[in-house]
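# Coordinate analysis (summary)
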Amino acid sequence: MAQVDGLSDGTANGVQNADSDIEVFTDYLIVGTGPAGASLACFLTQHGLTGLIVSQDPGNADTPRAHITNMAALDCLRDIGVDRDCYIIGTSGDSMVHTRWSNSFAGEEYARIYSWGNDPKRKGDYALASPSEPLDLPQTLLEPILIRYATLNGFKCRWDTKFVSFVQEPNGKGVTTTLHDRVTGRDYRVRSKYLFGADGARSPIMQQTGIPMIKRPGQGYAINILIEADLSHLMENRMGNLHWLLTPDKEHPDFAWIGCIRMVKPWFEWLCILFPTPEAERKTRSPAEYMHRVREFIGDDSVEVKIKGISTWMINETAAEAYSKGDVFCLGDAVHRHPPNHGLGSNTCIQDAHNLAWKVAMVHKGLAGKELLDSFSVERQPVGLDVVTQANASLRNHKSIWEVLGNLEPTVAARMEAFDILQEDSERGRKRRDELQACLKLINREEHGLGIEMNQRYTSTAVFKSAQEGPMPAFPTDPLEYYHATTYPGARLPHVWLSRTIPSKAVSTIDLAGKARFSLFTGIGGQGWKDAAEKISAELGVPIAAYSIGFRQDYEDRYLDWAKVRDVEESGCVLVRPDYFVAWRSQQWEHDGVEKLRTVMKSVLSRS
């Protein structure tokens, strides 16, 4: 048997020509090059780790699928600097300002709401929550950015490579994975310390682990029609990236009851999503049938339309009970499957990866006990389940709008009768208009769901809660809609703008954190914590960057926002993990601060 350490171009040739089995050795094997797998490879390279990432596909995603990239995910990408590339290629600003409901894209409008932080009443909330801004970045554009970064920094990538099976070696000695090279038609084996399953919603890796899935009744299926159509002449008064299309006045085919046209590239590439009737059979229709309905939804016969791709997908409500088993870890759509409402899909994938990478790195370098890896599933599984639940609830809220606009009635006559109630000067007309407003308010909660994006609260061994810490404080307002900044252990580090005493470019607390290290924030009277951080960092071999914030300190509290959200005294400290989450805090400097910090760090890192 030929043994190969890593994969090079020569190795690939060997796989093609060898008559014997080949066994490849690599530290880390990632199956799946989507947002979860590709970002995991990126974050691992940030820690100096490399490996092999494979995909059964011939290249990156050929359909845009996920597109809204929220601030929490962009903050993760900001940690490695690829957010700059994302902003260059993606679309923001006015193109994301509205979500609309209309009879056709060009035709009569029923309603519109602000979306993705553009409501004037919510812009301040978004600005205070993160140094990043929401972005529309289709998966077709995001994936190449991530794969390029990963491969430039040491990861090897192999396309046309299908996962076959894995075997966990005894006594925690890693995983042997069998892969199939679709180009040569040959199988080969990869020995790795860990196997990461980021292989999508039909994940064979998850299936082989035997981890149970929480499956709730789905909501049918939908059809994605990727089209090329120049709609720029329609955009001046229709700015927005989501356009819901309801035609109560027309007969409709069962496969295309409701439509949604979504921007991919302004203003010439779009995804037309068709939602069938509940009883519609899932089967392929002719391109002519799809084209006819797409043209109806556009509503302007002068527009030339080209269909570039057709695909279907199931509207799932499924989440894994756990994310890992032994030395196999799963993330992304492999463990949480849901409709795109709230725009949480790829964002949750990226945050899964950011959570996992630093833990793998600490264990790899001997700086943490292997038990630290158990906290990945403990922390991220509740987040994934909540995302699945909320995304499906949001789609049901959309169906309430469809009902108010008359679309649930079986005939055109009945639909128009129900629709016309909205313009009646009558009690039932007023009631129906109130219902429409209530439905739109619920959807606005989705479009401005800053809370579900940012309010994660972790409870695990990787979070240290002192005896003096009370219970987690209750959210003062809707935790789905509003972000609540806090330094309570297990919460996201609040974003605050800081600067030097001599005015300089503002820097976020988020930018001082991350960077493959722990961070400690203190203030006037907290020099002892900085000294303790330096001592414990040297003693444990774990990088800890320490900063003092306050008047004439390392950084000035530019708008006095840190004083409002730090939740500790000036001499206290906030310890932050490499993934921006608070590991521990102390209300003030304590005489035994060195021993306290040592105890906390060893506990968080599962070091006995």
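Quick note: structure is the one above.
The paragraphs below set out a description of the structure included in this document. As the structure is a computational prediction, the values presented were derived from the model and not from experiment. (Residues numbered from 1 in each chain as written. Predicted model: local features only at pLDDT ≥ 70, side-chain atom pairs only at ≥ 80, totals over all residues. Heavy atoms only, no water.)

### Describing helix H6 (residues 139-152)
We apply this condition: Here a strand is any run of E in DSSP of at least two residues, a helix any run of H or I of at least four, and the numbering for each starts at the N terminus. The span one expects for a helix is its residue count, reduced by one, times 1.5 Å. Only protein chains enter the area calculation, which uses a 1.4 Å probe; residues under 20% of their type maximum are buried, those over 50% are exposed, and those in between are partly exposed. Pairs of residues are marked as contacts when any of their non-hydrogen atoms sit within 4.5 Å.
With 14 residues, H6 ought to run about 20 Å at 1.5 Å a step, and its terminal C-alpha atoms sit 20 Å apart, in line with that. Buried within H6 are the following residues: Gln-139, Thr-140, Leu-142, Glu-143, Ile-145, Leu-146, Ile-147, Tyr-149 and Ala-150. On the buried face of H6, the contacting elements are helix H2 (35-46), strand E4 (52-54), helix H3 (71-78), helix H4 (83-89), strand E9 (156-158) and helix H9 (345-364). Count one or two residues on from H6 and you reach Gly-154, which has phi positive near 120°.

### With respect to the environment of Arg-191
Take Arg-191: it is sitting in strand E12 (residues 186-192). In this structure, the C-alpha to C-alpha distance between Arg-191 and Asp-27, residues 164 residues apart in sequence, is 7.9 Å. Once you skip the residues sitting within four places of it in the chain, Arg-191 turns out to touch Glu-23, Val-24, Phe-25, Thr-26, Glu-169, Lys-173, Val-175 and Thr-176.

### A look at the sheet that holds strand E13 (residues 194-197)
Heads up, the rule is: A pair of strands counts as paired when DSSP detects no fewer than two bridges linking them. Axes, fitted as lines to C-alpha atoms, cover a helix only where it is in contact. Angles between the N-to-C directions of the axes lie from 0 to 180 degrees.
Across the sheet, 6 strands lie side by side as E9-E4-E3-E13-E22-E21; this open sheet has mixed pairing. Two strands lie at the open edges of the sheet, namely E9 and strand E21 (324-325), each paired on one side alone. Relative to E13, strand E3 (residues 28-31) runs parallel, the two being bridged by 4 bridges. Note on E13: the bridge partner recorded for Val-31 is Gly-197. Here H2 sits on the sheet in contact with E3, E4 and E13, set at roughly 155° to E3. The strands touched by H9 are E3, E13 and strand E22 (328-330); relative to E13, the strand with the most contacts, the crossing angle is about 175°.

### A few points about the packing of aromatic side chains
Selection criterion: Stacked, edge-to-face and tilted are the three classes for Phe, Tyr and Trp ring pairs, Trp counted by its six-membered ring, which pair at centre distances within 6.5 Å; planes under 30 degrees apart are stacked, over 60 edge-to-face, the rest tilted. Consider the ring centre and the ring normal. A charge sits over the ring if Lys NZ or Arg CZ is within 6 Å of that centre and within 35 degrees of that normal.
Throughout the structure, instances matching the rule amount to 23 aromatic pairs. One aromatic cluster in this structure is built from Tyr-28, Tyr-194, Phe-196, Tyr-323, Phe-329 and Phe-376. If you follow Arg-500 out to its NZ or CZ, it ends over the ring of Tyr-555, 4.2 Å from the centre. Between Arg-552 and the ring centre of Phe-551, over which it is positioned, the NZ or CZ distance is 4.4 Å.

### Observations concerning the nonpolar core
Selection criterion: To form a nonpolar core, buried Ala, Val, Leu, Ile, Met, Phe, Trp, Tyr and Cys residues must be joined to one another through side-chain atoms within 4.5 Å.
The biggest cluster of nonpolar side chains holds 89 residues, and the ones touching the most others in it are Phe-196, Phe-518 and Met-601. Here the element with the most residues in this core is H9; it accounts for 10 residues. Listed in part, the 32 residues of the second largest apolar core include Ile-68, Tyr-110, Val-264 and Ile-273.

### Thoughts on empty space enclosed by the protein
Here is the rule we go by: Using protein atoms alone on a 1 Å grid, points that fit a 1.4 Å probe yet trap it form a cavity, whereas open point sets bounded by protein on both sides within 12 Å along at least five of seven lines form a pocket; residues with an atom within 4 Å of a point count as lining. Grid points are joined across faces, edges and corners, and a volume is the space filled by probe spheres set on the points. Residue polarity is assigned by list, with Asp, Glu, Lys and Arg as charged and Ala, Val, Leu, Ile, Met, Phe, Trp, Tyr, Cys and Pro as nonpolar; anything else, Gly included, falls into the polar class.
Scanning the entire structure with this criterion turns up 2 cavities of 30 Å³ or more. The space that makes up the largest cavity amounts to roughly 60 Å³. What lines the largest cavity is Cys-76, Gln-351, His-354, Asn-355, Arg-380, Tyr-458, Arg-492, Asp-579, Tyr-580 and Phe-581. Ranked by residues supplied to the lining of the largest cavity, first place goes to H9 with 3 residues. Grouping the amino acids of the lining of the largest cavity by side-chain chemistry returns 4 nonpolar, 3 polar and 3 charged. Put simply, the second largest cavity is a space of about 50 Å³. If you list the elements that add at least two residues to the lining of the second largest cavity, you get H9 and helix H13 (450-454).

### Some thoughts on the environment of Gln-219
As a reminder of what qualifies: A 3.5 Å cut-off defines polar contacts: any pair of N or O atoms within that distance qualifies, except that in protein one atom must be a possible hydrogen donor and the other a possible acceptor, and neighbouring residues in sequence count only when both atoms are side-chain atoms.
Inspection of the secondary structure puts Gln-219 in the loop between strand E14 (213-215) and strand E15 (221-228). Taking the relative accessible area as the measure of exposure, Gln-219 reaches 14% and is therefore buried. Each C-alpha atom, one on Gln-219 and one on Glu-317, is 8.1 Å from the other, the two residues being 98 residues apart in sequence. In this view, Gln-219 contacts Ile-315, Asn-392, Leu-395, Arg-396 and Lys-399; residues no more than four positions away in its chain are not counted. Of note is the side chain of Gln-219, whose polar atom sits 3.1 Å from the side chain of Asn-392.

### Some thoughts on the pattern of salt bridges
Rules: One speaks of a salt bridge when a side-chain nitrogen belonging to Lys or Arg is within 4 Å of a carboxyl oxygen belonging to Asp or Glu.
Within the structure shown, the criterion is met by 35 salt bridges. Glu-424 is paired through a salt bridge with Arg-428; the nearest N and O atoms lie 2.8 Å apart. For the salt bridge of Asp-554 with Lys-530, the shortest nitrogen-to-oxygen distance reads 2.6 Å. Of this pair, Asp-554 sits in the loop between strand E27 (544-548) and strand E28 (556-557) while Lys-530 sits in helix H15 (residues 527-540); the two residues are 24 residues apart in sequence, bridging distant segments of the chain. Judged by relative accessible area, Asp-554 falls into the partly exposed class, the value being 27%. Relative accessible area serves as the criterion here: at 18%, Lys-530 is assigned to the buried category.

### Overview of the side chain of His-98
Looking at the secondary structure, you find His-98 in strand E6 (residues 98-102). Look at His-98 and you get buried, because its relative accessible area is 13%. At 3.3 Å, the side chain of His-98 forms a polar contact with the side chain of Arg-112. Those residues in contact with His-98 that lie beyond four places of it in its chain are Arg-112, Ile-113, Tyr-114, Ser-115, Met-239, Gly-240, Asn-241 and Leu-242.

### Describing unusual backbone geometry
Residues Pro-266 and Trp-267 are joined by a peptide bond in cis, for which omega reads -10°. The topology assignment puts Trp-267 in the loop between strand E17 (258-265) and strand E18 (269-275). Although it is not a glycine, Asn-171 sits at a positive phi angle of roughly 60°. Mapped onto the elements, Asn-171 comes out in the loop between strand E10 (161-168) and strand E11 (175-181). Unusually for a residue other than glycine, Ser-606 sits at a positive phi of about 55°. With respect to the helices and strands, Ser-606 occurs in the segment after helix H17 (593-604). Classification of Ser-606 as buried rests on a relative accessible area of 18%.

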